[in-house]
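Structure at a glance
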Amino acid sequence: MSSKRIPRDGDDLDPGRLPRHVAMIMDGNGRWAKKRLLNRIQGHEKGADTVRAMVEACREIGIPFLTLYAFSTENWQRPKREVDALMALLIKFLENERDELQKNGIRLAAIGEVERLPGKVRRALDEVMAATAANDKLRLILALSYGGRAEIVRMARFLAEAAATGKVQAEEIDHDWVGRHLYTSDVPDPDILIRTSGEMRVSNFLLWQIAYAEFHFTPTLWPDFGKEEFYRILGDYQQRERRFGKVDTGADTA
Ligand code: IPE
Ligand code: IPE
Ligand code: MG
């Protein structure tokens, strides 16, 4: 039996059973602010500290891929003031973190309809992505203007065009082909999906990629989420048995 000790820091985790890819739905900034009679923007500002902490944690314990849901295709429907503030915050984050990412060997990437982002955000994003492109310790993937359905529609359009021009035959279409035509083509599927704030839904995040991810929902609001709880969740992940539809590994195979 594996031990049930609760990890208090990354050193308590089993390095052989760490997820390769952690995906997070960063939710609850607005409620965090409301509870403190602050405005929602201040909640997002505080949420940026948690982003920093999660990047640091993954880098420290050696998780190679971290995807953060920062802005969904549906989030464009929020009041303009909030959307503008989120975009400004993103620019600030990119400017502030650039050197730290570089110093720590972290590569920044983005998934989603980034062409919908304001030019200023796109430029800041492109700049940091280009500067960190050769880093390979951790890939920090920001889902920006991202929607899982839009991603699948994009793949389907590509497929229709490739088929119409004879570049692809029906028999060639399999899981791998589909996977190669999503934003995440060079990223392993998430092993674990964590959502903060108590909502138990996926909200259009990585629909194809989470087919066999382990889910973890916590009531903690994103700005209150921190390394200690993250390590506890990873400890729980390490106790789970992932079967991928097969019989459990301890079963008699004779
Ligand atoms: C998550 O916090 C951040 C984004 C979606 C950009 P919310 O802004 O959704 O916070 P709540 O869910 O209203 O508390
Ligand atoms: C999901 O949170 C999107 C992000 C975290 C960026 P939302 O707050 O937008 O999701 P719903 O509206 O609660 O489903
Ligand atoms: Mg929310």
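Above this text is the structure in question.
Read on for a plain summary of the structure. The shown structure was predicted, so the numbers you read here are calculated from the model rather than taken from an experiment. (Residues numbered from 1 in each chain as written. Chains lettered and ligands numbered in written order. Predicted model: local features only at pLDDT ≥ 70, side-chain atom pairs only at ≥ 80, totals over all residues. Heavy atoms only, no water.)

A separate point is the overall build of the protein. Within the protein one finds 7 helices and 6 strands. Counting from the amino terminus, helix and strand elements in the protein follow one another as β-α-α-β-α-β-α-β-α-α-β-β-α. Relative to the globule expectation of 18 Å for 254 residues, the C-alpha radius of gyration of the protein, 19 Å, shows essentially globular dimensions. Counting only C-alpha atoms, the protein reaches 65 × 55 × 35 Å along its principal axes. Looking at the protein residue by residue over its 254 residues, the buried ones come to 47%. (Helix = DSSP H or I, 4+ residues; strand = E, 2+ residues; numbered from the N terminus. Rg over C-alpha atoms; globule rule 2.2 N^0.38 Å. Buried < 20%, exposed > 50% of the residue type's maximum accessible area, 1.4 Å probe, protein only.)

Along its 17 residues, helix H5 (residues 148-164) runs 24 Å from first to last C-alpha, staying within 8% of the 24 Å computed at 1.5 Å per residue. Restricting attention to buried positions, one finds in H5 the residues Gly-148, Glu-151, Met-155 and Ala-162. Buried positions in H5, seen along its axis, are confined to an arc of 65° and lie on one side of it. When the buried face of H5 is taken as reference, the exposed residues oriented beyond 90 degrees from it are Arg-149, Arg-157, Glu-161 and Ala-164. (Expected span 1.5 Å × (residues − 1). Arc of directions from axis to C-beta.)

This brings us to the pairing of strand E3 (residues 106-111). In the sheet, E3 pairs with strand E4 (residues 138-146) via 6 bridges, with the strands oriented parallel. Paired with Leu-108 across the strands is Leu-140, a residue of E4. In this view, the connection linking E3 to its parallel neighbour E4 by way of helix H4 (residues 119-131) has left-handed handedness. (Pairing = 2+ DSSP bridges. Right-handed = clockwise from strand over helix to strand, strands pointing away.)

Attention now moves to the nonpolar core. In this structure, Met-24, Leu-66, Leu-140 and Phe-230 are the most contacted members of the largest nonpolar core, which totals 44 residues. In terms of residue count, helix H3 (residues 80-103) provides more of this core than any other element does, 8 residues in total. In this structure, Met-24 is in contact with Met-54, Leu-66, Thr-67, Leu-68, Tyr-69, Leu-193, Ile-194, Phe-205, Trp-222, Phe-225 and Phe-230, ignoring residues within four places of it in sequence. In this structure, Ala-23, Ile-25, Val-187 and Leu-206 belong to the second largest nonpolar core, which totals 17 residues. (Core = buried A, V, L, I, M, F, W, Y, C linked by side-chain atoms within 4.5 Å. Contact = heavy atoms within 4.5 Å.)

Around ligand 2 sit Ile-25, Met-26, Asp-27, Tyr-69, Ala-70, Phe-71, Ser-72, Asn-75, Arg-78, Arg-195, Arg-201 and Ser-203, and those are all the residues in its vicinity. Residue Arg-195 places a side-chain N or O atom 3.4 Å away from an oxygen atom belonging to ligand 2. In the model, an oxygen atom of ligand 2 is placed 2.8 Å from a nitrogen or oxygen of the Arg-201 side chain. About the coverage of ligand 2: the protein hides 78% of its 390 Å² of free accessible area. (Near = heavy atom within 4 Å. Polar contact = N/O pair within 3.5 Å; in protein donor to acceptor, adjacent residues only side chain to side chain. Areas by Shrake-Rupley, 256 points an atom, 1.4 Å probe, with all protein chains shown as cover.)

What follows covers the site of ligand 1. The immediate surroundings of ligand 1 are formed by Met-26, Asp-27, Gly-28, Asn-29, Gly-30, Arg-31, Arg-40, His-44, Ala-70, Asn-75, Arg-78 and Leu-86. Interatomic distance of 2.8 Å between a side-chain N/O atom of Asp-27 and an oxygen atom of ligand 1. Listing elements by their share of the shell around ligand 1, those giving two or more residues are helix H1 (29-35) and helix H2 (40-61). Of the residues contributing to the shell around ligand 1, the split by class is 3 nonpolar, 5 polar and 4 charged. (Nonpolar A, V, L, I, M, F, W, Y, C, P; charged D, E, K, R; others polar.)

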